Amino acid sequence: MYLVAWTAAVASALPLASLVVLACSAQWPFPRLLPSVFTVDHIARLLFTPRLAEAVRTSLAMALCSTALTLLLVFPAAKAAGLYSFRGKEALKLLALLPVMVPAATVTMGLHYVMIRASLAGTMLGVVIVHTVFAVPYAFRILMHVFELTGERHEEQAAMLGAGPWLVFSAITLPLVMPGMVAAATMSFIISFSQYITTFMIGGGRLLTVPLLLVPHVQGGELHVASVYSLVFILTALVALILLQALVRRYYRETYFLNP
Amino acid sequence: MSKINLVGITKSYDAKLVLDNLALCIDNGSLVALLGPSGSGKSTLLKLIAGLEMPSAGQVLFDDCDVTLLPARHRQAVIVFQDHCLFPHLTVKENVAFGLRARGESRGVIDKKVGEILEVVRLPQRRNSLPHELSGGEKQRIALARACVLQPRVLLLDEPFSNLDVNLRLSMREFVVALQRELKLTCVLVTHDKEEAFAMAERVAVLLDGRLEQVDTPESLYARPISRKVATFLGDCNFLPGTILDGKFVCTLGAFPNKHSTGNGRRAIGMLRYEHVDLARGTCPTNGRITGRVFAGRQTTYSVELADGTMLTAATCKEFFAVGDGVFVTCAERAMQVYVD
Amino acid sequence: MNGRKQPYLYIAPLVIFMLLTLGLSLGHAISGLTWEHLRAVLANRDFTHSLTATLGVAAVATLFSNVIGAALAFALLNVQAGKEAVRRTLQLPVIMPHLVVTVIVFHLFAQTGVLARLAWWAGLIDNPNQFPLLVFDHFAIGIMLVYLYKQIPFVALLCTDALRGISHRFGEVAANLGANAWQVAAWIYLPLLWPTLMATTLITFAFAFGAFEVPFLLGTPAWRTLPVEAYLLHINIDPTAQARAMVINVLITGISLILALVYSRAERLLAHYRLGSGDGV
């Protein structure tokens, strides 16, 4: 059993390692097992271009906006669904779930026409809206589960102690669901950051993101370039997420869930 | 510290009647216990007083002011729950200060009051701890401190000691009673534990199936349960069938005076507590035989079979009998409570 | 509390948003639907081939990823030391964007890829063309490898979490009554795991069925998966082609809605099981 487990672990990590090796190679002709030219020069050449900078900026901006919009929409709905039972709750859960089941490309093609009509095609707002649609199911599921776990006992207690709605929200509700918020925000961010066809179609080629920069090189078989951009892709997302989590931790002490 | 008045309180959840036309008056500064089995609606009643739920009908009055529609945060009626519900992300100090902070008290006032109440509950050294670092008893004391520091109009306790082990429970009981007396708080304690209700309360209200069956001092309640239902709930008693004849209740153990002097020939039930069954060693005529015996430390419980087949349970610590012994069974006249159908 | 009317206020923003986006998109597609276009699409051999191929690829990928993933989760049950480390490493494929995984698969499995070079080095082949076509191939092996790399860990992690929620007392009791490891796994854990597996099967199928980028980049020129087919028609200026694209999209949506309904039923079962098992005894 240990063999199985460790094989799985290695198989998970190895591909990434190979990617790193690939990125560090300028020339790697067949049939050599290792690159003939092991260099990082070309990486520098590829990295410090205005195009890449623009792509990274746009990707980050989109991801942040999309995450914010997702959380704003999902928070109240997840709270209601997690704490209360009401007619139409199952329908709500189904509605929030749909973007997972219906293919992104399909939805986007339909939305493309709508966006054109609404003059949102080619705008940042249009793309952010589409990204949000696909982030909602994951954020909703996570936050609803968190609310189910915490319940509203603490809020009731706070109300009895005389707290008004704002104090209850800022001092009690938000800190207690913060881990869930962080998880939901992380998922939304990753989803938005990884979007290709949605940004491509709705953005109409006007908005350049890291995936959009990456794909043509894959299509062209230029793996050296593709691998470098892939690493940039992963690292940017990782750094952004680590910053986000550190920021949250600074303002909120770690909460401890009571095990009922 | 307020006088609480409940008038005609009814509460239904989805066509299920939980509280049925309740009326209760709680005097300023007194401790009343709400006693009843699980599911009798006790916790619901507390929530109604606190404003977390609204009654389907009836009124809640604080000092003769109608607060039925007043939301929880303005009522100053705080519930301390069984699981204390301390805010897990705030320190003890911040937890206790929460209500004062909500009121907008100044920093200095908050620190002073928090310091004082922590002294009262004897936990000043824990001010910077987080709830998960505290023991069960400490958590409960902090929850009490958090409520009491606000000098609430009424303190509501929802089975606060059920999660604690026995010795801790006893010391917490004394602690709460002392605290209530010192701060002169109006207090309602919800419990299913008879001993707890009797030990702590000035008056006990018995809630069965959503109705208040009897409200009395613990002594009166125990000695004279108003109905067979209440007697059954209080438990540890025998029921003897009999008849009313010539103004007396007649059963296997003899004739007893009772207040139901009317209804000659009516069927009636006599209630006799275990500890009021007197067993005498049977050298004189015996009318019963020991059939079972359970030793429980403080007392021994005996199953006694009478000559006519009636089974009784007796509890005593005075005499020691063995199974099979013959005994003479009697009881004091005043010990027999009679209920007419 | 007094939140009887409030839930509807709280859920309104999200509901409005979702209905507007999804509803308008679907509405537009349906409005352009005509019987002739529908018939034309269904009669088109490219379409039927694409449909069956997409379903096939999705089915195979789903089958393998769920079976292997569940098996992996069971294997991890019996592992004590280093369990946490293995779990952490398994999270890596789940986080990795599928575009990046595509690059990696290309790099490893192409005819000039790493595996091909290893084969040359081992003397099995003389030139790249002798290495079997794994990427851009007719059987979509490259595409499936991407799916498997991401989905096996996904299923394994979800099942591991679910198994953790199932009190291991059940296993102890079963062993006490004489069951061996296989019987415990098959008769106790597997049935309790079933709702989770149903959910993962549906999610993985939906993903494999509807993915765009991966088949777009690694697909063979001979046929395209359904979403890619729809896309190519969509960007065609010819209005007939665009109409056909809409038809295909509506059909895809229909299939997905059915999947979604089945999934929400599975979720309800899951909640029922979660409350019933692992009561922390």
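The rules we used
Each chain has its residues counted from 1, following the order in which its sequence is written. Here the convention is simple: chains get letters from A, ligands get numbers from 1, in the order in which they are written. Restriction of local features to residues with pLDDT of at least 70 applies here, the model being predicted, together with a cutoff of 80 or more for giving and counting side-chain atom pairs; totals for whole chains, interfaces and linings are based on all residues. A helix here means a DSSP run of H or I that spans at least four residues, while a strand means a run of E at least two residues long, and both kinds are numbered starting from the N terminus. By definition, residue pairs are in contact when their C-beta atoms, positioned from the backbone, come within 7 Å. Exposure is read from a count of other C-beta atoms within 10 Å of each residue's own; the residue is exposed at 12 or fewer, buried at 20 or more and partly exposed in between. C-beta atoms are placed from the backbone. The axes used here are C-alpha line fits, helices contributing only the stretch in contact, and every angle between their N-to-C directions lies in the interval 0 to 180 degrees. Orientation labels follow simple angle bins: below 35 degrees gives roughly parallel, above 145 gives roughly antiparallel, 65 to 115 gives roughly perpendicular, and whatever is left gives oblique. Note on convention: the crossing is left-handed when the near helix lies turned anticlockwise from the far helix by less than a right angle, right-handed when the turn is clockwise. All residues other than Ala, Val, Leu, Ile, Met, Phe, Trp, Tyr, Cys, Pro, Asp, Glu, Lys and Arg, Gly among them, are scored as polar; the first ten of these are nonpolar and the last four charged. Two strands pair under a simple rule: DSSP has to find at least two bridges between them. Any helix carries an expected span of 1.5 Å times its number of residues minus one. To obtain the bend at a residue, axes are fitted to the seven residues ending there and to the seven starting there, and the angle between these axes is taken. The nonpolar core is taken to be a set of buried Ala, Val, Leu, Ile, Met, Phe, Trp, Tyr and Cys residues joined by way of C-beta atoms within 7 Å. Residue-level confidence of the predictor is summarised by pLDDT, bounded by 0 at the bottom and 100 at the top.

Side note on the overall build of chain C
And step 1. Assigned secondary structure in chain C consists of 12 helices and zero strands.
And step 2. Projected onto its principal axes, the C-alpha positions of chain C cover 75 × 70 × 30 Å.
And step 3. For chain C, the share of sequence-separated contacts (at least 6 apart) that also reach a separation of at least 24 residues comes to 77%.

A short note on the overall build of chain A
And step 1. Helix and strand counts for chain A come out as 11 helices and two strands.
And step 2. Ordering the α and β elements of chain A from the N terminus gives α-β-β-α-α-α-α-α-α-α-α-α-α.
And step 3. Taking all 260 residues of chain A together, 49% fall into the buried category.

Here's the deal with the packing of helix α3 (residues 50-83) of chain A against helix α8 (residues 165-193) of chain A
Residues and elements named next belong to chain A.
And step 1. Close contact between α3 and α8 brings their axes to 8 Å; oriented N to C, the two are set at 135°. As far as their axial angle goes, α8 and α3 are oblique. Relative to α8, α3 is oriented so that their crossing is right-handed. Two secondary-structure elements touch here, α3 through S59, M62, A63, S66, T67, T70, L71 and V74 and α8 through M181, A184, A185, S188, F189, S192 and F193.

A look at the interface of chain A and chain C
And step 1. Contacts between chain A and chain C engage 66 residues on the former and 65 residues on the latter.
And step 2. Per-element accounting of the side of chain A that touches chain C gives the leading share, 12 residues, to helix α1 (residues 2-23) of chain A.
And step 3. Looking at the side of chain A that touches chain C residue by residue, the classes come out as 52 nonpolar, eight polar and six charged.

Section: the sheet that holds strand β15 (residues 278-281) of chain B
Residue and element names in this part refer to chain B.
And step 1. Reading across the sheet, the five strands line up as β15-β19-β16-β17-β18 and stay open at both edges, with antiparallel pairing between neighbours. At either end of the open sheet lies a strand with only one pairing partner, and these are β15 and β18 (311-316). Strand-to-strand, the axes of this sheet are offset by a mean angle of 45°, without reference to chain direction.
And step 2. Two strands pair when backbone bridges link them, and β15 and strand β19 (residues 326-330) are joined in this way by four bridges, in the antiparallel orientation. Across the sheet, the residue bridging to L279 is V329, located in β19.

Here's the deal with the sheet that holds strand β5 (residues 65-66) of chain B
Residues and elements named next belong to chain B.
And step 1. Reading across from one edge, β2-β1-β4-β5 is the order of the four strands in this open sheet, with antiparallel pairing throughout. Pairing within the sheet leaves two strands with one partner each, and these edge strands are β2 (16-26) and β5.
And step 2. Sheet topology note: the strand β1 (residues 4-13)/β2 ladder contains seven bridges and is antiparallel. Of the residues in β2, the one forming a bridge with I4 is I26.
And step 3. Helix-sheet contacts for helix α1 (residues 42-50) involve β1, β2 and β4 (57-62), and the interaxial angle to β1 is about 120°.

Quick look at helix α5 (residues 104-117) of chain A
All names here are of chain A.
And step 1. Between its first and last C-alpha atoms α5 spans 20 Å; for 14 residues at 1.5 Å apiece the expected length is 20 Å, and the two agree.
And step 2. Of all the bends in α5, the greatest, near 25°, is centred on L111.
And step 3. The complete set of buried residues in α5 reads A104, A105, T106, V107, T108, M109, G110, L111, H112, Y113, V114 and M115.
And step 4. Once α5 ends, the next one or two residues include S119, with phi positive near 55°.

Describing the pairing of strand β10 (residues 211-216) of chain B
Residues and elements named next belong to chain B.
And step 1. Examined bridge by bridge, strand β9 (residues 203-208) and β10 share five bridges and lie antiparallel to one another. Directly across from V206, in β10, lies its bridge partner Q214.
And step 2. Counted along the chain from β9 to the antiparallel partner β10, the turn is two residues long, and its residue D209 has a positive phi close to 50°.

What to know about the pairing of β4 of chain B
Side-chain direction in a regular strand flips from residue to residue, so the side chains alternate between the two faces of the sheet.
All names here are of chain B.
And step 1. Across five bridges, β1 lies against β4 in antiparallel orientation. Directly across from T10, in β4, lies its bridge partner A57.
And step 2. Bridge count between β4 and β5: two bridges; the pairing is antiparallel. Bridge assignment links F62 to a residue of β5, and that residue is C65.
And step 3. Counted between consecutive antiparallel strands, the loop separating β4 from β5 contains two residues, among which D63 sits at a positive phi close to 50°.

Some details on unusual backbone geometry
Residues and elements named next belong to chain B.
And step 1. Despite not being glycine, D14 shows a phi value in the positive range, around 50°.
And step 2. Within the element layout of this structure, D14 appears in the loop between β1 and β2.
And step 3. The class for D14 is exposed, based on 4 C-beta atoms found within 10 Å.
And step 4. One non-glycine residue, Q76, lies in positive phi territory at about 55°.
And step 5. Tracing the backbone through its elements, the reader meets Q76 in the loop between α2 (72-75) and β6 (77-80).
And step 6. Under the C-beta neighbour-count criterion, Q76 is labelled buried, with 23 such atoms within 10 Å.

Topic: helix α6 (residues 124-150) of chain A
Residues and elements named next belong to chain A.
And step 1. Here α6 spans 36 Å end to end across 27 residues, near enough to the 39 Å set by a 1.5 Å rise per residue.
And step 2. Remark: the principal bend of α6, roughly 40°, maps to A135, with a proline, P137, within the next four residues.
And step 3. Most of α6 is tucked away, with 22 of its 27 residues classed as buried.
And step 4. A positive phi of about 70° marks G151, the residue just after α6.

Topic: the nonpolar core
And step 1. One finds V74, A77 and L143 of chain A together with I49, L156 and V188 of chain B to be the most contacted residues of the largest nonpolar core, which totals 236 residues.
And step 2. With residues near it in sequence (within four places) discarded, L143 of chain A still touches V74, F75, A78, V177, G180 and A184 of chain A.
And step 3. Core analysis: the next-biggest nonpolar cluster, separate from the first, contains 19 residues, I244, L253, L279 and C331 of chain B among them.

Some words on the confidence of the model for chain C
Residues and elements named next belong to chain C.
And step 1. Residue-level pLDDT values for chain C average 82, and 94% of them are 70 or greater.
And step 2. Throughout residues 275-281 the model reports pLDDT below 50, and contacts reaching past four residues in sequence, or to other chains, amount to nine contacts.
And step 3. Of the two predicted TM-score estimates for the complex, the pTM is 0.82 and the ipTM is 0.82.

Here's the deal with the environment of P132 of chain C
And step 1. Position of P132 of chain C among the secondary structure elements: in the loop between α6 (114-121) and α7 (141-165).
And step 2. As a C-alpha pair, P132 of chain C and A110 of chain C span 22 residues in sequence and 8.8 Å in three-dimensional space.

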